[in-house]
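Single-letter residue listing:
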Amino acid sequence: MTKGKNVLQSNLLSITKNNQIEEISSYFCIDGEPETSGQYGNGNVNDTYLITCSDKDDENVYTLQRINHFVFKDPVALMNNFERVTSHLLSKSIEQNHGKDVLTLIPTRDGKSFHLDMDGYYWRMTKFIADGKSFDVPEHDGHAFEAAKAFGQFQANLNDLGEPALVETIPAFHNTRKRFDRFTEIVSRNPKNRLIEVEDLVELFLKHEEFADAIKRPEFPRRVVHNDTKLNNVLLHQTTGKAICVVDLDTVMPGCALHDFGDLVRTAANAADEDETDLGKVQFLPSRFDAIVDGYLMGCQGMLIEKEIKNLAIAPVAITYELALRFLTDFLEGDVYFKTHREDHNVDRAKSQFTLMKSMLTFMEEMEDIIRTKRDLF
Ligand code: ADP
Ligand code: GN1
Ligand code: MG
(Lines give C-alpha, C1' and ligand atoms only; values in the text may rest on other atoms or scores of the structure.)
(Ligands and ions follow the chains in the order given, each with its own letter.)
Protein backbone atom coordinates (compact mmCIF):
# COMPACT_ATOMS: atom_id res chain seq x y z
CA MET A 1 0.00 0.00 0.00
CA THR A 2 2.85 2.43 0.75
CA LYS A 3 3.92 2.53 -2.87
CA GLY A 4 0.37 3.22 -4.01
CA LYS A 5 -0.01 5.96 -1.43
CA ASN A 6 2.99 7.86 -2.78
CA VAL A 7 1.86 7.49 -6.35
CA LEU A 8 -1.64 8.62 -5.55
CA GLN A 9 -0.65 11.87 -3.88
CA SER A 10 -0.40 15.20 -5.66
CA ASN A 11 -2.34 14.67 -8.84
CA LEU A 12 -0.13 11.91 -10.14
CA LEU A 13 -3.15 9.69 -10.49
CA SER A 14 -3.62 9.51 -14.21
CA ILE A 15 -2.75 6.51 -16.22
CA THR A 16 -2.47 8.12 -19.60
CA LYS A 17 -2.13 5.06 -21.78
CA ASN A 18 -5.47 4.05 -23.19
CA ASN A 19 -4.21 0.58 -24.05
CA GLN A 20 -3.64 -0.13 -20.31
CA ILE A 21 -7.23 0.90 -19.60
CA GLU A 22 -8.47 -1.35 -22.38
CA GLU A 23 -6.44 -4.26 -21.06
CA ILE A 24 -7.90 -3.78 -17.57
CA SER A 25 -11.41 -3.64 -19.07
CA SER A 26 -10.92 -7.06 -20.59
CA TYR A 27 -10.86 -8.60 -17.09
CA PHE A 28 -14.57 -7.69 -16.78
CA CYS A 29 -17.55 -9.51 -18.33
CA ILE A 30 -18.04 -7.27 -21.34
CA ASP A 31 -18.98 -8.06 -24.91
CA GLY A 32 -16.73 -6.92 -27.73
CA GLU A 33 -13.39 -5.12 -27.96
CA PRO A 34 -13.00 -2.38 -25.31
CA GLU A 35 -11.95 1.08 -26.43
CA THR A 36 -11.53 4.26 -24.41
CA SER A 37 -10.97 7.87 -25.25
CA GLY A 38 -9.62 8.71 -21.79
CA GLN A 39 -10.91 10.10 -18.51
CA TYR A 40 -14.52 11.02 -17.95
CA GLY A 41 -16.50 13.24 -15.56
CA ASN A 42 -15.60 15.84 -12.94
CA GLY A 43 -14.97 13.65 -9.90
CA ASN A 44 -12.36 14.91 -7.44
CA VAL A 45 -11.30 11.54 -6.10
CA ASN A 46 -11.45 8.46 -8.33
CA ASP A 47 -10.33 8.03 -11.95
CA THR A 48 -13.26 7.36 -14.25
CA TYR A 49 -12.99 6.12 -17.86
CA LEU A 50 -15.63 5.59 -20.47
CA ILE A 51 -15.31 2.23 -22.20
CA THR A 52 -17.06 1.49 -25.49
CA CYS A 53 -17.32 -2.06 -26.75
CA SER A 54 -18.54 -2.69 -30.25
CA ASP A 55 -19.39 -6.10 -31.55
CA LYS A 56 -21.11 -6.93 -34.79
CA ASP A 57 -24.64 -6.19 -33.59
CA ASP A 58 -24.44 -3.37 -31.12
CA GLU A 59 -22.42 -1.08 -28.93
CA ASN A 60 -22.16 -1.38 -25.15
CA VAL A 61 -20.82 1.39 -22.97
CA TYR A 62 -19.40 1.10 -19.47
CA THR A 63 -17.63 3.20 -16.86
CA LEU A 64 -14.40 1.83 -15.50
CA GLN A 65 -13.17 3.37 -12.26
CA ARG A 66 -9.92 3.16 -10.40
CA ILE A 67 -10.65 3.47 -6.69
CA ASN A 68 -8.40 6.01 -5.02
CA HIS A 69 -6.90 3.90 -2.25
CA PHE A 70 -5.08 6.86 -0.73
CA VAL A 71 -8.56 8.12 0.17
CA PHE A 72 -10.31 4.76 0.63
CA LYS A 73 -7.96 2.61 2.69
CA ASP A 74 -9.96 -0.61 2.36
CA PRO A 75 -11.29 -0.96 -1.21
CA VAL A 76 -12.42 -4.56 -0.59
CA ALA A 77 -14.73 -3.48 2.26
CA LEU A 78 -15.87 -0.57 0.11
CA MET A 79 -16.85 -2.91 -2.71
CA ASN A 80 -18.70 -5.19 -0.25
CA ASN A 81 -20.70 -2.12 0.81
CA PHE A 82 -21.27 -1.27 -2.85
CA GLU A 83 -22.67 -4.74 -3.61
CA ARG A 84 -24.95 -4.73 -0.58
CA VAL A 85 -26.26 -1.24 -1.26
CA THR A 86 -26.93 -1.80 -4.96
CA SER A 87 -28.65 -5.14 -4.42
CA HIS A 88 -30.86 -3.69 -1.67
CA LEU A 89 -31.79 -0.73 -3.87
CA LEU A 90 -32.45 -3.06 -6.77
CA SER A 91 -34.86 -5.17 -4.72
CA LYS A 92 -36.91 -2.01 -4.13
CA SER A 93 -36.50 -0.59 -7.57
CA ILE A 94 -37.76 -3.59 -9.46
CA GLU A 95 -41.31 -2.86 -8.31
CA GLN A 96 -40.95 0.91 -8.72
CA ASN A 97 -38.61 1.46 -11.62
CA HIS A 98 -37.36 -1.84 -13.06
CA GLY A 99 -33.82 -1.25 -11.80
CA LYS A 100 -33.12 1.68 -14.07
CA ASP A 101 -32.36 3.95 -11.12
CA VAL A 102 -29.62 1.75 -9.64
CA LEU A 103 -25.99 1.39 -10.71
CA THR A 104 -25.30 -2.01 -12.25
CA LEU A 105 -21.96 -3.57 -11.39
CA ILE A 106 -20.25 -5.56 -14.13
CA PRO A 107 -18.44 -8.50 -12.50
CA THR A 108 -14.96 -9.65 -13.45
CA ARG A 109 -14.60 -12.83 -15.49
CA ASP A 110 -13.81 -14.69 -12.26
CA GLY A 111 -16.97 -13.43 -10.59
CA LYS A 112 -15.60 -10.65 -8.39
CA SER A 113 -16.91 -7.10 -8.01
CA PHE A 114 -13.46 -5.57 -8.63
CA HIS A 115 -10.18 -6.26 -10.37
CA LEU A 116 -6.88 -5.88 -8.51
CA ASP A 117 -4.06 -5.05 -10.93
CA MET A 118 -0.35 -5.84 -10.73
CA ASP A 119 0.44 -2.42 -9.22
CA GLY A 120 -2.07 -2.80 -6.38
CA TYR A 121 -4.84 -0.65 -7.85
CA TYR A 122 -8.50 -1.63 -7.49
CA TRP A 123 -10.85 -1.25 -10.46
CA ARG A 124 -14.61 -1.60 -10.83
CA MET A 125 -16.94 -1.35 -13.74
CA THR A 126 -20.57 -0.25 -14.01
CA LYS A 127 -23.00 0.04 -16.91
CA PHE A 128 -22.78 3.53 -18.34
CA ILE A 129 -26.06 5.44 -18.01
CA ALA A 130 -26.17 7.05 -21.42
CA ASP A 131 -29.17 9.35 -20.93
CA GLY A 132 -27.79 10.71 -17.68
CA LYS A 133 -25.96 13.97 -17.28
CA SER A 134 -24.03 15.35 -14.32
CA PHE A 135 -24.49 19.04 -13.57
CA ASP A 136 -22.04 20.98 -11.41
CA VAL A 137 -24.57 23.83 -11.09
CA PRO A 138 -28.31 23.39 -11.74
CA GLU A 139 -29.73 25.11 -14.80
CA HIS A 140 -33.05 25.76 -13.04
CA ASP A 141 -34.94 24.99 -9.82
CA GLY A 142 -36.32 21.81 -11.39
CA HIS A 143 -32.83 20.27 -11.41
CA ALA A 144 -32.42 21.07 -7.71
CA PHE A 145 -35.83 19.53 -6.93
CA GLU A 146 -35.10 16.33 -8.89
CA ALA A 147 -31.68 15.83 -7.32
CA ALA A 148 -33.08 16.36 -3.82
CA LYS A 149 -35.94 13.94 -4.40
CA ALA A 150 -33.49 11.30 -5.62
CA PHE A 151 -31.20 11.66 -2.59
CA GLY A 152 -34.17 11.69 -0.19
CA GLN A 153 -35.56 8.53 -1.80
CA PHE A 154 -32.10 6.97 -1.71
CA GLN A 155 -32.00 7.44 2.08
CA ALA A 156 -35.56 6.22 2.54
CA ASN A 157 -34.87 3.08 0.47
CA LEU A 158 -31.79 2.26 2.53
CA ASN A 159 -33.48 2.92 5.86
CA ASP A 160 -34.20 -0.80 6.31
CA LEU A 161 -30.85 -2.14 5.11
CA GLY A 162 -30.43 -3.88 8.46
CA GLU A 163 -27.45 -5.60 10.06
CA PRO A 164 -24.53 -5.78 9.85
CA ALA A 165 -23.85 -2.07 9.53
CA LEU A 166 -21.96 -0.96 6.45
CA VAL A 167 -18.23 -0.47 6.93
CA GLU A 168 -17.15 3.15 7.44
CA THR A 169 -15.07 3.61 4.30
CA ILE A 170 -13.68 6.89 5.67
CA PRO A 171 -13.96 7.07 9.46
CA ALA A 172 -15.29 10.34 10.93
CA PHE A 173 -15.94 11.62 7.41
CA HIS A 174 -18.37 14.35 8.46
CA ASN A 175 -17.02 15.01 11.93
CA THR A 176 -16.57 18.76 11.45
CA ARG A 177 -14.92 19.17 14.85
CA LYS A 178 -12.25 16.64 13.87
CA ARG A 179 -11.82 18.41 10.51
CA PHE A 180 -11.33 21.67 12.42
CA ASP A 181 -8.79 20.12 14.81
CA ARG A 182 -6.88 18.66 11.89
CA PHE A 183 -6.92 22.08 10.23
CA THR A 184 -5.40 23.77 13.30
CA GLU A 185 -2.82 21.00 13.61
CA ILE A 186 -1.73 21.45 9.98
CA VAL A 187 -1.70 25.23 10.41
CA SER A 188 0.66 24.91 13.34
CA ARG A 189 2.89 22.35 11.61
CA ASN A 190 2.86 24.21 8.29
CA PRO A 191 4.38 21.17 6.54
CA LYS A 192 4.86 22.74 3.08
CA ASN A 193 5.57 26.31 4.19
CA ARG A 194 2.44 27.51 2.43
CA LEU A 195 0.88 29.22 5.43
CA ILE A 196 2.29 32.59 4.48
CA GLU A 197 0.11 32.58 1.32
CA VAL A 198 -3.16 32.11 3.21
CA GLU A 199 -2.69 33.64 6.65
CA ASP A 200 -5.68 35.99 6.35
CA LEU A 201 -7.95 33.19 5.22
CA VAL A 202 -6.79 30.97 8.08
CA GLU A 203 -7.61 33.75 10.55
CA LEU A 204 -11.12 34.07 9.10
CA PHE A 205 -11.70 30.32 9.30
CA LEU A 206 -10.51 30.19 12.91
CA LYS A 207 -12.95 32.95 13.84
CA HIS A 208 -15.87 30.78 12.73
CA GLU A 209 -14.98 27.77 14.89
CA GLU A 210 -18.56 27.70 16.26
CA PHE A 211 -19.67 25.93 13.07
CA ALA A 212 -17.37 23.02 13.83
CA ASP A 213 -19.97 21.93 16.41
CA ALA A 214 -23.15 22.95 14.61
CA ILE A 215 -24.10 19.35 13.73
CA LYS A 216 -22.92 16.68 16.15
CA ARG A 217 -23.68 13.33 14.62
CA PRO A 218 -24.33 11.35 17.85
CA GLU A 219 -27.27 13.67 18.62
CA PHE A 220 -29.14 12.54 15.48
CA PRO A 221 -30.46 9.19 14.24
CA ARG A 222 -27.76 7.02 12.74
CA ARG A 223 -28.97 6.21 9.25
CA VAL A 224 -27.51 4.77 6.07
CA VAL A 225 -26.73 7.89 4.08
CA HIS A 226 -24.83 8.78 0.93
CA ASN A 227 -22.41 11.29 2.49
CA ASP A 228 -21.29 12.83 -0.83
CA THR A 229 -24.47 14.33 -2.23
CA LYS A 230 -23.01 17.00 -4.41
CA LEU A 231 -25.15 17.71 -7.41
CA ASN A 232 -22.90 15.94 -9.90
CA ASN A 233 -23.29 12.68 -7.98
CA VAL A 234 -26.82 12.25 -9.29
CA LEU A 235 -27.46 11.73 -12.97
CA LEU A 236 -30.33 13.77 -14.38
CA HIS A 237 -31.91 13.04 -17.74
CA GLN A 238 -30.07 15.12 -20.30
CA THR A 239 -33.24 16.46 -21.90
CA THR A 240 -36.08 16.11 -19.39
CA GLY A 241 -33.93 16.93 -16.33
CA LYS A 242 -35.64 14.15 -14.33
CA ALA A 243 -33.44 12.27 -11.88
CA ILE A 244 -32.24 8.94 -13.22
CA CYS A 245 -29.70 7.50 -10.81
CA VAL A 246 -27.60 8.33 -7.74
CA VAL A 247 -23.91 7.55 -8.36
CA ASP A 248 -20.65 7.65 -6.38
CA LEU A 249 -21.55 5.13 -3.71
CA ASP A 250 -18.10 4.99 -2.09
CA THR A 251 -19.12 6.86 1.05
CA VAL A 252 -22.52 5.23 1.58
CA MET A 253 -22.25 4.23 5.24
CA PRO A 254 -23.77 5.00 8.62
CA GLY A 255 -24.15 8.75 9.06
CA CYS A 256 -26.51 11.64 9.52
CA ALA A 257 -29.27 12.62 7.06
CA LEU A 258 -28.46 16.29 7.61
CA HIS A 259 -25.08 15.99 5.94
CA ASP A 260 -26.72 14.71 2.77
CA PHE A 261 -29.27 17.49 2.78
CA GLY A 262 -26.60 20.08 3.58
CA ASP A 263 -24.15 18.98 0.92
CA LEU A 264 -26.81 19.05 -1.76
CA VAL A 265 -27.76 22.60 -0.74
CA ARG A 266 -24.06 23.53 -0.80
CA THR A 267 -23.77 22.50 -4.43
CA ALA A 268 -27.27 23.01 -5.83
CA ALA A 269 -28.28 26.29 -4.17
CA ASN A 270 -25.06 28.06 -5.16
CA ALA A 271 -25.25 30.35 -8.20
CA ALA A 272 -21.64 29.48 -9.08
CA ASP A 273 -19.22 26.57 -9.29
CA GLU A 274 -17.60 25.20 -6.15
CA ASP A 275 -14.24 26.67 -7.25
CA GLU A 276 -15.49 29.99 -8.68
CA THR A 277 -12.76 32.66 -8.47
CA ASP A 278 -15.05 35.61 -9.14
CA LEU A 279 -16.44 35.71 -5.62
CA GLY A 280 -19.13 38.19 -6.65
CA LYS A 281 -20.82 35.32 -8.48
CA VAL A 282 -20.91 33.06 -5.42
CA GLN A 283 -24.37 33.46 -3.97
CA PHE A 284 -26.87 31.36 -2.10
CA LEU A 285 -30.13 31.13 -4.07
CA PRO A 286 -33.24 30.82 -1.85
CA SER A 287 -35.44 29.60 -4.72
CA ARG A 288 -33.11 26.65 -5.25
CA PHE A 289 -33.23 25.97 -1.51
CA ASP A 290 -37.02 25.99 -1.66
CA ALA A 291 -36.95 23.42 -4.47
CA ILE A 292 -34.45 21.26 -2.58
CA VAL A 293 -36.63 21.26 0.55
CA ASP A 294 -39.64 20.19 -1.55
CA GLY A 295 -37.74 17.42 -3.31
CA TYR A 296 -35.94 16.15 -0.24
CA LEU A 297 -39.00 16.00 2.01
CA MET A 298 -40.95 14.28 -0.74
CA GLY A 299 -38.16 11.74 -1.28
CA CYS A 300 -37.73 11.02 2.44
CA GLN A 301 -41.39 9.98 2.76
CA GLY A 302 -41.87 11.17 6.34
CA MET A 303 -38.74 9.44 7.63
CA LEU A 304 -37.19 12.47 9.36
CA ILE A 305 -37.70 13.15 13.06
CA GLU A 306 -38.40 16.58 14.57
CA LYS A 307 -34.79 17.19 15.57
CA GLU A 308 -33.59 16.55 12.03
CA ILE A 309 -36.18 18.90 10.54
CA LYS A 310 -35.25 21.60 13.06
CA ASN A 311 -31.62 21.47 11.93
CA LEU A 312 -32.18 21.44 8.16
CA ALA A 313 -31.34 25.15 7.88
CA ILE A 314 -28.03 25.03 9.74
CA ALA A 315 -26.84 21.84 8.00
CA PRO A 316 -25.72 23.56 4.73
CA VAL A 317 -23.76 26.14 6.74
CA ALA A 318 -21.98 23.43 8.72
CA ILE A 319 -21.09 21.34 5.68
CA THR A 320 -19.95 24.35 3.66
CA TYR A 321 -17.66 25.33 6.53
CA GLU A 322 -16.41 21.73 6.65
CA LEU A 323 -15.57 21.77 2.94
CA ALA A 324 -13.83 25.13 3.23
CA LEU A 325 -11.68 23.68 6.04
CA ARG A 326 -10.94 20.52 4.04
CA PHE A 327 -9.86 22.43 0.93
CA LEU A 328 -7.58 24.78 2.88
CA THR A 329 -6.11 21.91 4.90
CA ASP A 330 -5.36 20.09 1.65
CA PHE A 331 -3.62 23.17 0.24
CA LEU A 332 -1.48 23.45 3.38
CA GLU A 333 -0.61 19.76 3.14
CA GLY A 334 0.53 20.12 -0.46
CA ASP A 335 -2.65 19.16 -2.41
CA VAL A 336 -2.54 15.48 -1.54
CA TYR A 337 -6.26 14.62 -1.37
CA PHE A 338 -8.46 16.43 -3.90
CA LYS A 339 -7.50 16.44 -7.56
CA THR A 340 -6.35 19.93 -8.49
CA HIS A 341 -6.25 21.34 -12.01
CA ARG A 342 -4.35 24.57 -11.45
CA GLU A 343 -2.04 26.22 -8.96
CA ASP A 344 -3.88 27.30 -5.81
CA HIS A 345 -7.00 25.41 -6.89
CA ASN A 346 -7.69 24.35 -3.30
CA VAL A 347 -7.30 27.97 -2.12
CA ASP A 348 -9.83 29.08 -4.74
CA ARG A 349 -12.19 26.37 -3.53
CA ALA A 350 -11.71 27.33 0.11
CA LYS A 351 -12.37 31.04 -0.58
CA SER A 352 -15.38 30.25 -2.70
CA GLN A 353 -16.90 27.94 -0.07
CA PHE A 354 -16.29 30.46 2.68
CA THR A 355 -18.02 33.14 0.60
CA LEU A 356 -20.95 30.79 0.04
CA MET A 357 -21.19 30.10 3.77
CA LYS A 358 -21.34 33.83 4.50
CA SER A 359 -24.03 34.23 1.87
CA MET A 360 -26.05 31.38 3.42
CA LEU A 361 -25.84 33.03 6.84
CA THR A 362 -27.61 36.11 5.51
CA PHE A 363 -30.55 33.89 4.49
CA MET A 364 -30.99 31.90 7.71
CA GLU A 365 -34.39 33.34 8.56
CA GLU A 366 -35.65 32.77 5.04
CA MET A 367 -34.44 29.18 5.16
CA GLU A 368 -36.21 28.61 8.49
CA ASP A 369 -39.42 30.06 7.03
CA ILE A 370 -39.27 27.82 3.99
CA ILE A 371 -38.82 24.75 6.17
CA ARG A 372 -41.70 25.79 8.47
CA THR A 373 -43.99 26.24 5.47
CA LYS A 374 -43.05 22.99 3.75
CA ARG A 375 -42.56 20.57 6.60
CA ASP A 376 -46.16 19.42 6.90
CA LEU A 377 -46.87 19.22 3.18
CA PHE A 378 -45.12 15.89 2.70
P1 ADP B 1 -15.58 10.43 -8.02
O2 ADP B 1 -15.53 9.68 -6.73
O3 ADP B 1 -14.25 10.66 -8.59
O4 ADP B 1 -16.39 11.65 -7.91
P5 ADP B 1 -17.86 9.26 -9.40
O6 ADP B 1 -18.26 7.87 -9.05
O7 ADP B 1 -18.68 10.35 -8.88
O8 ADP B 1 -16.31 9.43 -9.03
O9 ADP B 1 -17.80 9.36 -10.99
C10 ADP B 1 -17.36 10.54 -11.63
C11 ADP B 1 -18.43 11.01 -12.60
O12 ADP B 1 -18.59 10.01 -13.61
C13 ADP B 1 -19.82 11.20 -12.00
O14 ADP B 1 -19.97 12.49 -11.48
C15 ADP B 1 -20.71 10.95 -13.20
O16 ADP B 1 -20.80 12.13 -13.99
C17 ADP B 1 -19.94 9.92 -14.02
N18 ADP B 1 -20.42 8.54 -13.81
C19 ADP B 1 -20.02 7.67 -12.85
N20 ADP B 1 -20.62 6.48 -12.99
C21 ADP B 1 -21.45 6.60 -14.08
C22 ADP B 1 -22.35 5.71 -14.76
N23 ADP B 1 -22.52 4.44 -14.38
N24 ADP B 1 -23.03 6.18 -15.85
C25 ADP B 1 -22.86 7.45 -16.27
N26 ADP B 1 -22.00 8.33 -15.68
C27 ADP B 1 -21.31 7.92 -14.60
C1 GN1 C 1 -15.19 14.72 -3.39
O2 GN1 C 1 -15.55 12.32 -5.31
P3 GN1 C 1 -16.35 13.57 -5.49
O4 GN1 C 1 -15.73 14.52 -6.42
O5 GN1 C 1 -17.78 13.22 -5.83
C6 GN1 C 1 -15.23 14.37 -1.91
C7 GN1 C 1 -16.43 15.06 -1.25
C8 GN1 C 1 -16.34 16.56 -1.46
C9 GN1 C 1 -16.21 16.86 -2.96
C10 GN1 C 1 -15.98 18.32 -3.19
C11 GN1 C 1 -14.67 10.83 -0.79
O12 GN1 C 1 -16.35 14.24 -4.02
O13 GN1 C 1 -16.44 14.79 0.14
O14 GN1 C 1 -17.48 17.19 -0.95
O15 GN1 C 1 -15.10 16.12 -3.54
N16 GN1 C 1 -15.33 12.93 -1.75
C17 GN1 C 1 -14.54 12.30 -0.87
O18 GN1 C 1 -16.05 18.57 -4.55
O19 GN1 C 1 -13.75 12.91 -0.13
MG1 MG D 1 -18.35 11.98 -7.58
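Residues numbered from 1 in each chain as written. Chains lettered and ligands numbered in written order. Predicted model: local features only at pLDDT ≥ 70, side-chain atom pairs only at ≥ 80, totals over all residues. Heavy atoms only, no water.

Focus: the overall build of the chain
And step 1. When helices and strands are tallied, the chain shows 12 helices and 11 strands.
And step 2. Against the compact-globule benchmark of 21 Å for 378 residues, the chain has a radius of gyration of 20 Å, which places it among compact chains.
And step 3. Counting only C-alpha atoms and orienting by the principal axes, one finds that the chain spans roughly 60 × 55 × 40 Å.
And step 4. A total of 378 residues make up the chain; the buried ones form 55% of that total.
And step 5. For the chain, long-range pairs separated by at least 24 residues make up 75% of all intrachain contacts whose partners lie at least 6 apart in sequence.
And step 6. Carbon and sulfur atoms provide 49% of the accessible area of the chain, an area that totals close to 16,800 Å².
And step 7. Each charge class in the chain was averaged separately, 43 positive and 61 negative side chains, and the resulting centres sit 3 Å apart. (Helix = DSSP H or I, 4+ residues; strand = E, 2+ residues; numbered from the N terminus. Rg over C-alpha atoms; globule rule 2.2 N^0.38 Å. Buried < 20%, exposed > 50% of the residue type's maximum accessible area, 1.4 Å probe, protein only. Contact = heavy atoms within 4.5 Å. Areas by Shrake-Rupley, 256 points an atom, 1.4 Å probe, with all protein chains shown as cover. Lys, Arg positive; Asp, Glu negative; His and termini not counted. Charge placed at Lys NZ, Arg CZ, Asp CG, Glu CD.)

Re the environment of asparagine 159
And step 1. Take asparagine 159: it is sitting in the loop between helix H4 (141–158) and helix H5 (176–189).
And step 2. Given a relative accessible area of 40%, asparagine 159 falls into the partly exposed group.
And step 3. Excluding residues within four positions of it along the chain, asparagine 159 makes contact with Arg223 and Met303.

Quick look at the coordination of the magnesium ion (ligand 3)
And step 1. Coordination of the magnesium ion (ligand 3) by the protein is provided by Asn233 (OD1) and Asp248 (OD), with metal-donor distances spanning 2.2 Å. With asparagine 233 in the loop between strand E8 (223–225) and strand E9 (234–237) and aspartate 248 in the loop between strand E10 (243–246) and strand E11 (253–255), this residue pair connects regions lying 15 residues apart in the sequence.
And step 2. Since its relative accessible area comes to 5%, asparagine 233 is described here as buried.
And step 3. Judged by relative accessible area, which is 24%, aspartate 248 ranks as partly exposed. (Donors = N, O, S within 2.8 Å, 3.2 Å for Na, K, Ca; no water.)

Describing the pattern of salt bridges
Pairs can form between side chains of opposite charge once their charged atoms are near each other.
And step 1. Across all of its chains, the model carries 26 salt bridges by this definition.
And step 2. Here aspartate 160 makes a salt bridge to lysine 92, at a shortest N to O gap of 2.8 Å. Here lysine 92 lies in helix H3 (residues 75–97) and aspartate 160 lies in the loop between H4 and H5, a separation of 68 residues in the sequence.
And step 3. Lysine 92 gets classed as buried once you look at its relative accessible area, which sits at 18%.
And step 4. Linked by salt bridges that have partners in common, Arg177, Asp181, Glu209 and Asp213 make up one network. (Salt bridge = Lys/Arg side-chain N within 4 Å of Asp/Glu carboxyl O.)

Side note on the confidence of the model for the chain
And step 1. Per-residue confidence for the chain gives a mean pLDDT of 94, with 95% of residues at or over 70.
And step 2. Contacts of residues 1–12 to residues separated by more than four positions or lying in other chains number 22 contacts, the stretch itself having pLDDT below 50. (pLDDT = per-residue confidence, 0-100.)

As for the pairing of strand E6 (residues 122–127)
And step 1. Within E6, five of the six residues are buried, leaving the element largely enclosed by the surrounding structure.
And step 2. Here strand E3 (residues 59–67) runs beside E6; their pairing, made up of six bridges, is antiparallel. Paired with tyrosine 62 across the two strands is lysine 127, which belongs to E6.
And step 3. One ladder, built from two bridges, connects strand E4 (residues 105–106) with E6; its direction is antiparallel. The residue bridging leucine 105 from the neighbouring strand is threonine 126, located in E6. (Pairing = 2+ DSSP bridges.)

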